[in-house]
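# What the coordinates show
Next come the chains, spelled out residue by residue.
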Amino acid sequence: MSEPIVKIKHVRAARLCTGGARRWFASRGLDWNVFLRDGLPASVIGQFGDPIAARAIEEAEKDQDNGG
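Residues numbered from 1 in each chain as written. Predicted model: local features only at pLDDT ≥ 70, side-chain atom pairs only at ≥ 80, totals over all residues. Heavy atoms only, no water.

### Considerations on the overall build of the protein chain
- Helices and strands together make up the secondary structure of the protein chain, namely five helices and two strands.
- If you list the helices and strands of the protein chain from N to C, you get β-α-α-α-β-α-α.
- Computed over C-alpha atoms, the radius of gyration of the protein chain comes to 11 Å, within 12% of the 11 Å expected from 2.2 N^0.38 for 68 residues, which places it in the range of a compact globule.
- Structurally, the protein chain occupies a C-alpha span of about 30 × 25 × 20 Å along its principal axes.
- For the protein chain, with 68 residues in total, the buried portion stands at 34%.
- Excluding contacts between residues fewer than 6 apart, the proportion of contacts in the protein chain whose partners are at least 24 apart in sequence is 69%.
- Counting only carbon and sulfur atoms, one obtains 49% of the accessible surface of the protein chain, whose full area is about 4300 Å². (Helix = DSSP H or I, 4+ residues; strand = E, 2+ residues; numbered from the N terminus. Rg over C-alpha atoms; globule rule 2.2 N^0.38 Å. Buried < 20%, exposed > 50% of the residue type's maximum accessible area, 1.4 Å probe, protein only. Contact = heavy atoms within 4.5 Å. Areas by Shrake-Rupley, 256 points an atom, 1.4 Å probe, with all protein chains shown as cover.)

Here's what the structure looks like:
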């Protein structure tokens, strides 16, 4: 199984604030526009050990498990 790709739909499914997510990306040097367009691998999002980001990763994993 390949690594899950975290997308904006996973941020929303985790019930996270997209404005806060945008600031989170900026503070870690991640490109928000690339994320919106393509998503990012879970390892990129997870490398910071942030428990809130882990919620979006969990949603991406569930989505992948369900064939999405």
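Additional details are given in the paragraphs that follow.
### Re the layout of surface pockets
- Counted as a void, the largest pocket has a volume near 190 Å³.
- Leu16, Ala21, Trp24, Ile52 and Ala53 are, among the 14 residues lining the largest pocket, the residues nearest its centre.
- Elements that contribute at least two residues to the lining of the largest pocket include exactly helix H2 (18-27) and helix H5 (51-65).
- Take the lining of the largest pocket: its biggest share by element is four residues, from H2.
- Residue composition of the lining of the largest pocket, by class: twelve nonpolar, one polar and one charged. (1 Å grid on protein atoms, 1.4 Å probe; cavity = no way out; pocket = protein on both sides within 12 Å on 5 of 7 lines; lining within 4 Å. Points joined across faces, edges and corners; volume = space filled by probe spheres on them. Nonpolar A, V, L, I, M, F, W, Y, C, P; charged D, E, K, R; others polar.)

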